[in-house]
Number of protein chains: 2
Amino acid sequence: MTSPGHPKADPATEPVGFAAHDHGRCVATGIAAAEARCSEQGLQFTPVRRKALEILLQEHRALGAYDVLDRLRNAGFGSQPPVAYRALDFLVANGLAHKIERLNAFIACAHPGTRHSPAFMICRLCDSVAEAHATPTRGALGQAAREAGFRIERTVVEAEGVCPSCAEKADA
Amino acid sequence: MTSPGHPKADPATEPVGFAAHDHGRCVATGIAAAEARCSEQGLQFTPVRRKALEILLQEHRALGAYDVLDRLRNAGFGSQPPVAYRALDFLVANGLAHKIERLNAFIACAHPGTRHSPAFMICRLCDSVAEAHATPTRGALGQAAREAGFRIERTVVEAEGVCPSCAEKADA
DNA sequence: GGGCTCCATGTGATTTTATAACATCGATGA
DNA sequence: TCATCGATGTTATAAAATCACATGGAGCCC
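Notes on the structure in this doc start here. (Residues numbered from 1 in each chain as written. Chains lettered and ligands numbered in written order. Predicted model: local features only at pLDDT ≥ 70, side-chain atom pairs only at ≥ 80, totals over all residues.)

It is worth spelling out the overall build of chain A at this point. Each helix and strand counted, chain A has six helices and five strands in total. Moving toward the C terminus, one meets the helices and strands of chain A in the order α-α-α-α-β-β-β-β-α-β-α. Within the span of chain A, comprising 172 residues, buried residues form 38% of the whole. Pairs at least 24 apart in sequence give 57% of the contacts found in chain A among residues at least 6 apart. (Helix = DSSP H or I, 4+ residues; strand = E, 2+ residues; numbered from the N terminus. Buried ≥ 20, exposed ≤ 12 C-beta atoms within 10 Å, placed from the backbone. Contact = placed C-beta atoms within 7 Å.)

All names here are of chain A. Positive phi, close to 45°, is recorded for Asn104, a residue that is not glycine. Counting through the fold element by element, Asn104 comes out in the loop between strand 1 (97-100) and strand 2 (105-108). Among the residues examined, Asn104 registers 13 C-beta atoms within 10 Å and is labelled partly exposed.

Of all residues adjacent to DNA strand D, which total 19 residues, the nearest are Pro81 of chain A together with Thr46, Gly78, Gln80 and Pro82 of chain B. Every element with two or more residues in the surface near DNA strand D is listed here: helix 3 (65-74) and helix 4 (81-93) of chain A together with helix 2 (47-57) and helix 4 (81-93) of chain B. It is helix 4 of chain B that provides the largest number of residues to the surface near DNA strand D, a total of four residues. The residue makeup of the surface near DNA strand D, split by class, is ten nonpolar, seven polar and two charged. (Near = placed C-beta within 6 Å. Nonpolar A, V, L, I, M, F, W, Y, C, P; charged D, E, K, R; others polar.)

With that settled, consider the sheet that holds strand 7 (residues 151-162) of chain B. Ordered by their spatial adjacency, six strands build an open sheet running 4(A)-3(A)-5(A)-7(B)-5(B)-6(B), and the pairing between neighbours is mixed. Across the chains shown, the open sheet's two edge strands, defined by having one partner strand only, are strand 4 (129-134) of chain A together with strand 6 (129-134) of chain B. Adjacent strand axes in the sheet meet at a mean angle of 25° when their direction is disregarded. Inspection of the sheet shows strand 5 (residues 151-162) of chain A paired to strand 7 of chain B by eleven bridges, in the antiparallel sense. Residue pairing in the sheet places Val156 of chain A in a bridge with Glu158 of chain B of strand 7 of chain B. (Pairing = 2+ DSSP bridges. Axes fitted to C-alpha atoms, helices over the stretch in contact; angles between N-to-C directions.)

A separate point is the interface of chain B and chain A. Each partner contributes residues to the interface: chain B has 35 residues there, and chain A has 35 residues. Among the secondary structure elements, those contributing two or more residues to the side of chain B that touches chain A are strand 5 (117-123), strand 6, helix 5 (139-148), strand 7 and helix 6 (164-171) of chain B. For the side of chain B that touches chain A, the leading source of residues is strand 7 of chain B, giving twelve residues. Looking at the side of chain B that touches chain A residue by residue, the class counts come to 21 nonpolar, six polar and eight charged.

This part is about the pairing of strand 1 of chain A. Consecutive side chains of a regular strand alternate in pointing toward one face of the sheet and then the other. All names here are of chain A. Direction of pairing for strand 1 relative to strand 2: antiparallel, over a ladder of four bridges. Residue pairing across strands places Lys99 opposite Phe106, the latter belonging to strand 2. What sits between the antiparallel neighbours strand 1 and strand 2 is a turn of four residues, in which Asn104 has the positive phi angle 45°.

Bringing the relation of the copies chain B and chain A into the picture now. The second copy of the chain is related to the first by a rotation about an axis and a shift along the axis. When chain B is fitted to chain A, the residual RMSD is 0.1 Å, and the transformation amounts to a turn of 180° plus an axial shift of 0.0 Å. The transformation just described matches what one would write down for a two-fold rotation axis. Closest to the rotation axis within chain B is the C-alpha of Val157 of chain B, separated from it by 2.3 Å. Of all interface residues in chain B, 100% are interface residues in chain A too; the two copies therefore contact each other through one and the same surface. (Least-squares fit on C-alpha atoms with pLDDT ≥ 70 in both.)

A separate point is the environment of Leu57 of chain B. All names here are of chain B. Considering the arrangement of structural elements, one finds Leu57 in helix 2. The sequence separation of Leu57 and Leu88 amounts to 31 residues, and the corresponding C-alpha distance is 13 Å. Aside from chain neighbours lying at most four places away, what touches Leu57 is Cys26, Val27, Gly30 and Ala108.

Below, the discussion takes up the protein's contact with DNA strand C. In the vicinity of DNA strand C lie 20 residues, with Thr46, Gly78, Gln80 and Pro82 of chain A together with Pro81 of chain B positioned nearest. Looking at the surface near DNA strand C, the elements that each hand over two or more residues are helix 2 (47-57) and helix 4 of chain A together with helix 3 (65-74) and helix 4 of chain B. For the surface near DNA strand C, the element with the most residues is helix 4 of chain A, which contributes four residues. Taken together, the residues of the surface near DNA strand C sort by class into eleven nonpolar, seven polar and two charged.

The subject of this paragraph is the environment of Glu160 of chain A. Its place among the elements puts Glu160 of chain A in strand 5. Glu160 of chain A sits in the partly exposed class, given 16 other C-beta atoms within 10 Å. A sequence separation of 91 residues divides Glu160 of chain A from Leu69 of chain A, and the C-alpha atoms of the two residues are 26 Å apart. Not counting chain neighbours up to four residues away, the residues in contact with Glu160 of chain A comprise Arg102, Ile122 and Arg124 of chain A together with Glu153 and Arg154 of chain B.

Following this line, the structure appears as structure tokens:
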């Protein structure tokens, strides 16, 4: 079934988002962007919410709500599912995180502040997830919607496959 | 495929998949296509699997696995979750049905037999679902994948919004 | 200050969705 | 005959998400 020999990537050392980068900076800019957005819009960026976003920003992969809950509990917050779900719902509702439907899991938004329809590339070997922009109204789906008279409000676009670094390992 | 354009008032005709059509025919052709495909590929189109597909074909909306399970039970099949999940897994694995990730639910394939990347339009008001074709490698996502070196194997494309018939009702 | 509302947080309990683990049975074929 | 395989069935459990309700602080009006 699952092919052996492809250890999960270590998020602290692996190229993430499929490209090497200064990861500490991701977290800092993510939090800063969230603060900016919240103060702009009069939203409460409370401690749980901030911590939940930090948790997501630590990784370039999607975390299940219960993973987030564990870490929130360890950080001294409540320990029941609604604690995590409420924080995540807030982040998602305000464009600071996204839900990956295919994985029933959540990831910090990689382009906070900009209005966008996200699209995701999910590596089935190392579980890393990269965010790209989708253009739902263009392309085949947009055309089908126009022809059918369907009004698109929101799109889920997720590609599953193999990321470059896992493909390289597989070749070797 | 089903051709539109029936005069209204035929009880077998209801606007589904956002367009009026002879629905009884959907079921019949769906089952026929499945039979063809299975015999072609040496797959066992067993009674539970056939019934599960029939159940999905009855509706142009996505059914949860437990809805399907209820109906299978009523039809005399086993009553435990794996009964439904296994039948649904078979249908999905062989292109006879799709899972709508956004809804954690399943729908019969509208284009059985043809290889395709499905895309769905989900009405949030009446829960109807229409299937269209996606062209994942074209468009923004395909380009992002090529640039990143990501190999796409499978895509989830789901648009949530309002179908024409609900939009009309809302206007009124 | 007192009382009010609003909203965020916390809890226990439950529902919904999905899998694990194992027994049986019929078809196939050595 | 009997070994194997795949399909079906069962019980039990895991994983994901929500419900219902209590508490507590921030802001506000009087």
